[in-house]
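# Tertiary structure, described
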Amino acid sequence: MTAPPPSRPAPHRAAVLTGVGGCLPPTAVSNDELAARLDSSDAWIRSRTGIRQRYFASPGTATSDLAVGAGARALKSSGTPDVDAVLLATTTPDRPCPATAPAVAARLGLTGTAAFDVSAVCTGFVYALATAAGLIAARAADRVLVIGAETFSTLLDPDDRSTSVIFGDGAGAVVLRAGDPEEPGALGPFDLGSDGGREDLITVAAGGSRQRLSGVAPKSADRYFAMAGKDVFRHAVQRMSASARAVLARAGWEPGDVDHLVGHQANLRITNHVADAVGIPRARCFSNIADVGNTAAASIPLALDQAHADGVLHAGGRVLLTAFGGGLTWGSTVLTWPRLDRP
């Protein structure tokens, strides 16, 4: 009896970016509008954050609404309405239960498609990209819609000057398809990490099982987002810089090879410090934080969408993505920007 020929290993499949889209609420809120209530000023806010305005969702709007808007634009950009999975990175789901991604998928005409949420706060989009790349590599999906969407204004204490001037609402999305690791748009290696021992540096204390089972009624302040600003700044710079260097090494890139650093839009000073630490000229950092604020898990895809629309990202350009968020969590990846039609 002749033995069957040995099976050949399946070729490695990469996740290739093939579409991008964004969605912002219609209401822009200037620094002056907030400063009047917070005993602050436009100059004070700009000097510490680099932000001049942000967008807040109106009553009746939910995270899913922004996610659907961004997802629809990304699908149109990709040239096809169909995907095999929808991943939604968010810290502000429509409800604690169920996940928001299935409702987003259904509204996009993708009923029956696998859909789930990813929660890693501001690193959520990079974590979701890595998850989508894994689904494609494992042949569990050929095309994946990855969305980052937030209505972070729902978590903010309107009287807290340290947080209410920083965050905004919005959504961004990309479509990934199976492809060759060497083709433009292919996501490179990932670097992901976490440090749960510092979970209290970025938190909403009330609403989860720990608070609900404590037997103690939450304080009013516990219902809002809180952040230890100085410690977060220090860890953000350290973790994003180390993660960026690690992923560059895995990709075989030098800092000078990077055409564009698109980091989580946390604070313009953080972005500049990360660029300096990695050895990338600040002029190669794309930032839209001045116009949209910190949109948490939506910040990187929103930045990619704007940079693409503005013609900043060009086909063949080498792009480094890096993020830091609550958990603590951090992550990075790289890609060579593909040729995409502009809106």
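To keep things clear, this report deals only with the structure shown in the data block. (Residues numbered from 1 in each chain as written. Predicted model: local features only at pLDDT ≥ 70, side-chain atom pairs only at ≥ 80, totals over all residues. Heavy atoms only, no water.)

What follows covers the overall build of the protein chain. In terms of helices and strands, the protein chain carries eleven helices and 13 strands. Taking 343 residues into account, the globule formula puts the C-alpha radius of gyration at 20 Å, and the protein chain, at 20 Å, falls close to it. Dimensions along the principal axes, computed over C-alpha positions, put the protein chain at roughly 80 × 45 × 40 Å. Burial analysis of the protein chain (343 residues in total) assigns 51% to the buried set. Within the protein chain, residue pairs in contact and separated by at least 24 positions form 79% of the contacts whose partners lie at least 6 positions apart. Summed over its atoms, the accessible surface of the protein chain is roughly 15,100 Å², and 51% of this surface lies on carbon and sulfur atoms. When the 31 positive and 32 negative side-chain charges of the protein chain are each reduced to one mean point, those points stand 2 Å apart. (Helix = DSSP H or I, 4+ residues; strand = E, 2+ residues; numbered from the N terminus. Rg over C-alpha atoms; globule rule 2.2 N^0.38 Å. Buried < 20%, exposed > 50% of the residue type's maximum accessible area, 1.4 Å probe, protein only. Contact = heavy atoms within 4.5 Å. Areas by Shrake-Rupley, 256 points an atom, 1.4 Å probe, with all protein chains shown as cover. Lys, Arg positive; Asp, Glu negative; His and termini not counted. Charge placed at Lys NZ, Arg CZ, Asp CG, Glu CD.)

All right, on to helix α9 (residues 268–278) then. An α-helical segment advances 3.6 residues per turn. Residues three or four places apart therefore align on the same side. Among all positions in α9, only I270, T271, N272, V274, A275 and V278 are buried. Along its buried surface, α9 packs onto α8 (229–251) and β11 (260–263). A side-chain oxygen of the first residue of α9 lies 2.8 Å from the backbone nitrogen of R269; this N-cap is N267. At the C-terminal side of α9, G279 shows a positive phi close to 95°. (Polar contact = N/O pair within 3.5 Å; in protein donor to acceptor, adjacent residues only side chain to side chain.)

Turning our attention to the side chain of S299. Tracing the backbone shows S299 in helix α11 (residues 299–309). Overall, the relative accessible area of 2% leaves S299 in the buried class. Reaching out from S299, the side chain makes a polar contact with the side chain of H264 at a distance of 2.6 Å.

Among the residues of helix α1 (residues 31–38), those classed as buried are N31, L34, A35 and L38. Projected onto a plane normal to the axis of α1, the buried residues spread over an arc of 105° and lie on a single side. In this structure, α1 carries D32 and A36 as exposed residues pointing more than 90 degrees from its buried face. Packed against the buried residues of α1 are β2 (28–30), α2 (42–49), β3 (53–55) and α6 (161–164). After α1 finishes, the residue D39 shows a positive phi value of roughly 55°. (Arc of directions from axis to C-beta.)

Attention now moves to the sheet that holds strand β5 (residues 114–118). Taking strand neighbours across the sheet as the criterion, the five strands line up as β1-β7-β6-β4-β5 in an open arrangement whose pairing is mixed. If you trace the sheet from one side to the other, it starts and ends with β1 (14–23) and β5, each paired once. Each neighbouring strand pair of the sheet contributes to a mean axis angle of 20°, computed without reference to strand direction. Where strand β4 (residues 85–89) and β5 come together, five bridges link them in parallel fashion. Opposite A85, over in β5, you have A114 as the bridge partner. (Pairing = 2+ DSSP bridges. Axes fitted to C-alpha atoms, helices over the stretch in contact; angles between N-to-C directions.)

Shape descriptors only; they carry no functional weight alone.
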